[in-house]
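What follows is each chain in one-letter form.
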There are 2 protein chains.
Amino acid sequence: MTTIPTSAPSATKTLGGTQLARDIRAGVTSAAAELTLLGLPPRLAVVAATDDESSAWYVSSIAKAAAKSGIVCDVVDLGAGATPQGIRAELEKLSADPAVHGIILQTPLPAGANFEDLAASIAPDKDVDGANPVSLGRLAAGLPAYAPATAAAVLALLDHHEVPLAGRTGVVVGRSNVVGKPAAQLLLQRDATVTICHRHTRNLDHYTRTADVLVVAVGRPGLITAQHVAEHTVVIDVGTNPTDDGGLVGDVDETSVSGRVAGLTPVPGGVGPVTTALLLHHTIQSASRSQHS
Amino acid sequence: MTTIPTSAPSATKTLGGTQLARDIRAGVTSAAAELTLLGLPPRLAVVAATDDESSAWYVSSIAKAAAKSGIVCDVVDLGAGATPQGIRAELEKLSADPAVHGIILQTPLPAGANFEDLAASIAPDKDVDGANPVSLGRLAAGLPAYAPATAAAVLALLDHHEVPLAGRTGVVVGRSNVVGKPAAQLLLQRDATVTICHRHTRNLDHYTRTADVLVVAVGRPGLITAQHVAEHTVVIDVGTNPTDDGGLVGDVDETSVSGRVAGLTPVPGGVGPVTTALLLHHTIQSASRSQHS
């Protein structure tokens, strides 16, 4: 006798990012080679002012990825004792340097330094990680601007996996200036109906269960479980939380939601590699534009 | 025998704006007098490039309100034949003029002129109607900036009538750069969970019925009816649609929702007068800052 389960878990599609990242980086590598041949080697500068270890790890991974793609990457380490004035002066110097095409301001910053305030000193046409509030405003207003690479990666993954957005319900958990807010703007631009949730949201599951697309960018492992999702939900997990054994987990409890959602990005191997690839892609875009100006 | 109605309509509070507008304008008038005495008469410039009648009516109502409060208002009418270059040059000239403290770019603009693109030429510290995308970005990033006066008026009305926002559900219908998007940002800043709906939203009533605060800024009379609201909903009607008999109606069908919501702003006499008062208030803020700089 065969028992038919009454609520068989549906198949959850894994929405990986490594193939997409590879494709983007292939384009970056060939464009970088071309620009270098023309005597215009694309150049990315990362400004850091911290001795935070995971930040150092992230910066070195960007530098390695850049080098591998033929982009020169200068890591400007101002040290954890840097002053806001010193950081601003460095950002202004790099903004004025015609050999530099992309500028990233790494977090965390020393106490007393305000990220948004300092990022306003990054020239908008070199703001490849969309950190300058001008970029956020231009993005919201529908003018050309670089979106923060992580937010852009969310959209790129959704497009790569052909997830429809127009007229769908998008729910973003987290309202940071670097992920939550710009991701919400990008979903809105693509005609999704968008809800933004955060730490003051009551009954989070009430909102998240309505999502066709659920973007989670909070930084808390296990935040999203089976109770927060529906079968039609595609979940984009932006969280990257280090584990004790040196690994990474997202904000979504994969075991809990697996089989109960339509799709889920893995961590690692989802948003992360696409983010790095798009940072390099933005740098190439900036370098190509400077060539024509 | 007394019949107890099973679903007696609850009382709907009228959330008027005229008293609040009067209070703001009283402060503006006394500050304007003080600044004028100091030899720094506050000055607002309105740049128009249209022969649209309702625009002309709006500009003249701002000019009258400014004059009544002791703010000099220059209406710079470039005519419907103005070019984007001509409009930009005027905005740049006014931005550079130390005697001018506030600059408004009136809509509609001539064909071929992009509002956001031109508004980017308004100096952010004189952008009293929050039209420059920089202002929208700074607002979203939590940095000081002028919000569009209409969006600021929505929040001012909610505060004036002591409507709680933190942890509540805010639903904004309309995603314009001048009202919907900045109103959503301001509600988010105040810790509401915020949903943005627009013309691609399916089952609009499904979202709007969840709202503790419903902000409607579309420009379509009768868009919101009893089916879109709940008893706990406070409705802010930003619509100002001219009627055949020379009057104004909002986007909310007042007859339909009356008695079925907790509160409703009237049109006229709600958001409108507060918007004008806040434009003047922003101009005074700008003039006071220029005095200290």
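A. A look at the overall build of chain A. Looking only at helices and strands, one finds ten helices and eleven strands in chain A. Judged by the C-alpha coordinates and their principal axes, chain A covers about 75 × 40 × 40 Å. If you take every contact in chain A between residues at least 6 apart in sequence, the share linking residues at least 24 apart comes to 69%.

B. Expanded view of the domain arrangement of chain A. What the domain assignment reports for chain A is domain 1 (40-128) and domain 2 (149-272). On a C-alpha basis, the centroid separation for the pair domain 1 of chain A and domain 2 of chain A is 27 Å.

C. Quick peek at the relation of the copies chain A and chain B. In the superposition of chain A on chain B (RMSD 0.0 Å, axial shift 0.0 Å), the rotation amounts to 180°. Overall, the copies show the geometry of a two-fold rotation axis. Across chain A, the smallest distance between a C-alpha and the rotation axis is recorded for Gly137 of chain A, namely 1.7 Å. Both copies share a contact surface, since 100% of the interface residues of chain A are interface residues in chain B too.

D. Representation of the packing of helix 5 (residues 133-141) of chain A against helix 5 (residues 133-141) of chain B within the structure. For the pair helix 5 of chain A and helix 5 of chain B, the least separation of the axes is 7 Å and the interaxial angle reads 110°. When the axis of helix 5 of chain A is compared with that of helix 5 of chain B, the two are roughly perpendicular. Viewed along their axes, helix 5 of chain A and helix 5 of chain B form a crossing whose handedness is right-handed. Note on element contacts: helix 5 of chain B touches helix 5 of chain A through Pro133, Val134, Ser135, Leu136, Gly137, Arg138, Ala140 and Ala141 of chain B, opposite Pro133, Val134, Ser135, Leu136, Gly137, Arg138, Ala140 and Ala141 of chain A. Across the contact of helix 5 of chain A with helix 5 of chain B, the residue classes break down as ten nonpolar, four polar and two charged.

E. Spatial organisation of the nonpolar core. Counting residues in hydrophobic clusters, the biggest one holds 187 residues, and the most contacted among them are Val154, Val216 and Val235 of chain A together with Val154, Val216 and Val235 of chain B. Not counting chain neighbours up to four residues away, the residues in contact with Val216 of chain A comprise Val173, Gly174, Leu223, Ile224, Val235, Asp237, Val238, Gly239, Asp251 and Val252 of chain A.

F. Highlighting the sheet that holds strand 4 (residues 102-105) of chain A. Residue and element names in this part refer to chain A. Here we have three strands laid out as an open sheet, ordered 3-2-4, and parallel in their pairing. In this open sheet, the two strands that pair with only one neighbour each are strand 3 (72-77) and strand 4. Taking the axes of each pair of neighbouring strands and ignoring which way they run, one obtains an average angle of 15° across the sheet. Sheet analysis places strand 2 (residues 43-48) next to strand 3, joined by six bridges and oriented parallel. By the bridge assignment for strand 3, Val47 is matched with Val76.

G. Representation of the pairing of strand 7 (residues 213-216) of chain A in the model. All names here are of chain A. Side chains of strand 7 alternate between two faces, with Val213 and Val215 and Leu214 and Val216 buried alike. The pairing of strand 5 (residues 169-173) with strand 7 spans four bridges and is classified as parallel. Pairing of Gly170 across the sheet is with Val213, part of strand 7. Bridge analysis of strand 7 against strand 8 (residues 234-237) gives four bridges, and the strand direction is parallel. Each bridged residue has a counterpart across the sheet, and for Val216 the counterpart in strand 8 is Asp237.

H. View of the environment of Cys197 of chain A. With respect to the secondary-structure elements, Cys197 of chain A resides in strand 6 (residues 193-197). Given 25 C-beta atoms within 10 Å, Cys197 of chain A falls into the buried group. In this structure, the C-alpha to C-alpha distance between Cys197 of chain A and Ala33 of chain A, residues 164 residues apart in sequence, is 43 Å. What Cys197 of chain A contacts, discounting residues up to four positions off in sequence, is Val171, Val172, Val173, Leu204 and Tyr207 of chain A together with Thr193 of chain B.

I. Local environment of the sheet that holds strand 1 (residues 13-14) of chain B. Ordered by their spatial adjacency, twelve strands build an open sheet running 1(A)-11(A)-8(A)-7(A)-5(A)-6(A)-6(B)-5(B)-7(B)-8(B)-11(B)-1(B), and the pairing between neighbours is mixed. The open sheet terminates on both sides in strands that have one partner only, identified here as strand 1 (13-14) of chain A together with strand 1 of chain B. The pairing of strand 1 of chain B with strand 11 (residues 263-264) of chain B spans two bridges and is parallel. Opposite Lys13 of chain B, over in strand 11 of chain B, you have Gly263 of chain B as the bridge partner.

J. Summary view of the packing of helix 6 (residues 149-160) of chain A against helix 7 (residues 180-189) of chain A. Residue and element names in this part refer to chain A. Interaxial distance between helix 6 and helix 7 falls to 8 Å at its minimum, and their mutual angle equals 40°. In terms of orientation, helix 6 and helix 7 fall into the oblique class. Of the two possible hands of crossing, helix 6 and helix 7 adopt the one that is right-handed. Along the contact surface, helix 6 presents Ala151, Val154 and Leu155, while helix 7 presents Pro182, Ala183 and Leu186. Looking at the contact of helix 6 with helix 7, its residues break down into six nonpolar, no polar and no charged.

K. The arrangement of helix 3 (residues 84-96) of chain A in detail. Residues and elements named next belong to chain A. End to end, helix 3 covers 18 Å across 13 residues, agreeing with the expected 18 Å (1.5 Å per residue, within 8%). Residues of helix 3 that are buried include every one of Ile87, Glu90, Leu91 and Leu94, and no others. Angularly, the buried residues of helix 3 cover 95° about the axis, an arc narrow enough to put them on a single face. Relative to its buried face, helix 3 has exposed residues pointing more than 90 degrees away, namely Gln85 and Ala96.

L. Local environment of the interface of chain A and chain B. Each partner contributes to the interface: chain A provides 28 residues, whereas chain B provides 28 residues. The set of elements that each furnish at least two residues to the side of chain A that touches chain B consists of helix 4 (115-119), helix 5, helix 7 and strand 6 of chain A. Broken down by element, the side of chain A that touches chain B gets its largest block of residues, eight residues, from helix 5 of chain A. Across the side of chain A that touches chain B, the residue classes tally to twelve nonpolar, nine polar and seven charged. Relative to strand 6 (residues 193-197) of chain B, strand 6 of chain A runs antiparallel, the two being bridged by three bridges.

M. Up close: helix 5 of chain B. For helix 5 of chain B, a buried count of nine out of nine residues is recorded, marking the element as mostly surrounded by other parts of the structure. Elements in contact with the buried residues of helix 5 of chain B: helix 4, helix 5 and helix 7 of chain A together with helix 4 (115-119) and helix 7 (180-189) of chain B. One or two steps after helix 5 of chain B, the chain reaches Gly142 of chain B, where phi turns positive at roughly 80°.

N. Focus on the confidence of the model for chain A. Summing up the model confidence of chain A, the mean pLDDT is 95 and the portion of residues at 70 or higher is 96%. Among the scores for the predicted complex, ipTM is 0.94 and pTM is 0.95.

About the cut-offs
Residues numbered from 1 in each chain as written. Chains lettered and ligands numbered in written order. Predicted model: local features only at pLDDT ≥ 70, side-chain atom pairs only at ≥ 80, totals over all residues. Helix = DSSP H or I, 4+ residues; strand = E, 2+ residues; numbered from the N terminus. Contact = placed C-beta atoms within 7 Å. Domains from an automatic or database assignment. Least-squares fit on C-alpha atoms with pLDDT ≥ 70 in both. Axes fitted to C-alpha atoms, helices over the stretch in contact; angles between N-to-C directions. Parallel < 35°, antiparallel > 145°, perpendicular 65-115°, else oblique. Left-handed = near helix turned anticlockwise from the far one by under 90°. Nonpolar A, V, L, I, M, F, W, Y, C, P; charged D, E, K, R; others polar. Core = buried A, V, L, I, M, F, W, Y, C linked by C-beta atoms within 7 Å. Buried ≥ 20, exposed ≤ 12 C-beta atoms within 10 Å, placed from the backbone. Pairing = 2+ DSSP bridges. Expected span 1.5 Å × (residues − 1). Arc of directions from axis to C-beta. pLDDT = per-residue confidence, 0-100.

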